[in-house]
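# Working through the structure, step by step
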Amino acid sequence: MKELLQKYEAKEPEIIFNWKDPETEAEGWTVINSLRGGAAGGGTRMRKGLDMNEVLSLAKTMEVKFTVSGPPIGGAKSGINFDPNDPRKKGVLERWYQAVSPLLKSYYGTGGDLNVDEIHEVIPITEESGVWHPQEGVFSGHFKPTEADKINRIGQLRQGVIKVIENPYFSPSVQRKYTIADMITGFGVAEAVKQYYHIYGGTVEGKRAIVQGFGNVGSAAAFYLSQMGAKIVGIIDIAGGLIKEEGFTFEEITDLFLAKQGNKLIAENLIPFEEMNQRVWSLRTEIFAPCAASRLITKGQIDEMIDTGLEVISCGANVPFADKEIFFGPIMEHTDNRVSLIPDFISNCGMARVFAYFMERRVQMTDESIFSDTSDTIRKALEKVYEKNQNKTGISETAFEIALSQLI
């Protein structure tokens, strides 16, 4: 696996598009690792301090993810080095998408990512730039449909991603109108835990869980894990955290979900971040869902959790470990050798899978069929891993081997 990984990491990306905003200090990159299958896909993120290497590593991550979620295309990513809280953000995005629109028409598909919203920013702004849909390039480059078929499938994709969830089982509140895009990634993170226990033995019910990050992914993962019967004992977020050693009730987790402001955990009795970061890792827990930013988790934090009975990690963040390597660094390897580590490209493939699902010809547009499709995709990926390796350790290494053998 390591040999395959070294080859894959060392391979130069096919296209690097670099942009400097004429009106602000913003700089952006689209990195297309390959045009496998005639196209490439990956979201657009924005943060201060972002560089081209971050975008490159995420493009390679996306290519691995497509081996699980489909379609069989290359990986790509866009990143803009700019403060997302700056009031000039909208103008930066408008000029960025105008510049990148020829790629989006031809062979590159994008979506939302860190600090860039799929529904409120990506879709309307790309439309203004003459792009039918942010995924149009994937249709053009990979599916090569007739004009009529392209219109039908783009219509299906448009409708599906912003579809309001009607089934109360999948939504924290039917009054609030949450969409598929709001919930599906966190659902996948929770579902990966459920499927893991189903395949490897055991049950999620009654298991204690810690969730890191309470944005779109973390809050939804907490909601679905709690719904499955897991006891959320700790939530750590940039704003602080909460601990309840007997576990928050499903109602309490739902209330926290509904109370969050944007990506921020809001609660009266919030423990300050520094104190929370000292205490949370030594809580007794079997499940850990890292759903905050990339490259945060240290070896010390992992070892503390292992000492208190950690069984499985389901990654909501891309590359959550504080390794400098693109994929499989020493902290990740150490973790994979000691507990069941479900890699990000399986556990957080929900949104990529939703895109792939709606790109198919005439699919069912019900909540049940959309969520079931993501669940089935994650189950099949974990079953493939189990066929090769029945141990509860080495899951990520085996998953990478399966994915990379398709790419090299």
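Report follows, based on the coordinates.

Rules used in this analysis
- Residues numbered from 1 in each chain as written.
- Predicted model: local features only at pLDDT ≥ 70, side-chain atom pairs only at ≥ 80, totals over all residues.
- Heavy atoms only, no water.
- Axes fitted to C-alpha atoms, helices over the stretch in contact; angles between N-to-C directions.
- Helix = DSSP H or I, 4+ residues; strand = E, 2+ residues; numbered from the N terminus.
- Parallel < 35°, antiparallel > 145°, perpendicular 65-115°, else oblique.
- Contact = heavy atoms within 4.5 Å.
- Pairing = 2+ DSSP bridges.
- Buried < 20%, exposed > 50% of the residue type's maximum accessible area, 1.4 Å probe, protein only.
- Salt bridge = Lys/Arg side-chain N within 4 Å of Asp/Glu carboxyl O.
- Expected span 1.5 Å × (residues − 1).
- Phe/Tyr/Trp six-rings, centres within 6.5 Å; stacked < 30°, edge-to-face > 60°.

## Considerations on the packing of helix α3 (residues 89-106) against helix α5 (residues 136-143)
Following both chains from N to C, one finds α3 and α5 inclined at 40°, their axes separated by 5 Å at the closest point. Relative to α5, the element α3 lies oblique. Mapping the contact onto sequence places Leu103, Leu104, Lys105 and Ser106 in α3 and Glu136, Gly137, Ser140 and Gly141 in α5.

## Focus: the sheet that holds strand β7 (residues 208-212)
With mixed pairing, 6 strands are arranged side by side in an open sheet as β9-β8-β7-β10-β11-β12. In the strand order of this sheet, the two ends are held by β9 (240-248) and β12 (340-342), each with one partner. Geometrically, the sheet is characterised by an average inter-axis angle of 15° between neighbouring strands, direction not taken into account.

## A short note on the pairing of strand β2 (residues 27-32)
Most of β2 sits inside the fold, with 6 of its 6 residues counted as buried. Neither face of β2 is exposed, since Glu27, Trp29 and Val31 on one face and Gly28, Thr30 and Ile32 on the opposite face are all buried. The sheet contact formed by strand β1 (residues 15-20) and β2 spans 6 bridges and is antiparallel. From the neighbouring strand, Trp19 faces β2, where its bridge partner is Gly28. Where β1 folds back onto β2 in an antiparallel hairpin, the turn is made up of 6 residues. Pairing of β2 with strand β5 (residues 74-81), which is carried by 6 bridges, proceeds in the antiparallel orientation. The partner of Ile32 across the bridge, within β5, is Ala76.

## A few points about the pattern of salt bridges
This structure, assessed with the given rule, holds 31 salt bridges. Note that Lys89 and Glu121 form a salt bridge whose closest N and O atoms lie 2.9 Å from each other. Within this pair, whereas Lys89 is found in helix α3, its partner Glu121 is found in helix α4 (residues 118-128), the two being separated by 32 residues in sequence. With a relative accessible area of 12%, Lys89 lands in the buried category. Because the salt bridges share partners, they merge into one network encompassing Arg45, Arg47, Glu54, Lys77 and Asp113.

## As for helix α7 (residues 180-200)
Along its 21 residues, α7 runs 29 Å from first to last C-alpha, staying within 8% of the 30 Å computed at 1.5 Å per residue. Directly beyond the C-terminal end of α7, a positive phi value near 105° is found at Gly201.

## So, the packing of aromatic side chains
Taken as a whole and judged by the stated rule, the model has 22 aromatic pairs. Taking 6.0 Å as the distance between ring centres and 70° as the angle between the ring planes, the aromatic pair formed by Phe17 and Trp96 counts as edge-to-face. Of this pair, Phe17 sits in strand β1 while Trp96 sits in helix α3, placing them 79 residues apart in sequence. When the ring of Phe328 is compared with that of Phe400, the centres are 5.9 Å apart and the planes differ by 80°; the resulting orientation is edge-to-face. With Phe328 in the loop between β11 (312-314) and α12 (330-338) and Phe400 in helix α16 (residues 395-407), this residue pair connects regions lying 72 residues apart in the sequence. Exposure remark for Phe328: the relative accessible area of 8% places this residue in the buried category.

## So, the environment of Val68
Tracing the sequence through the fold places Val68 in helix α2 (residues 52-69). Between the alpha carbons of Val68 and Ala403 there is a distance of 7.6 Å; along the sequence they are 335 residues apart. In this structure, Val68 is in contact with Phe345, Ile346, Cys349, Thr377 and Ala381, ignoring residues within four places of it in sequence.

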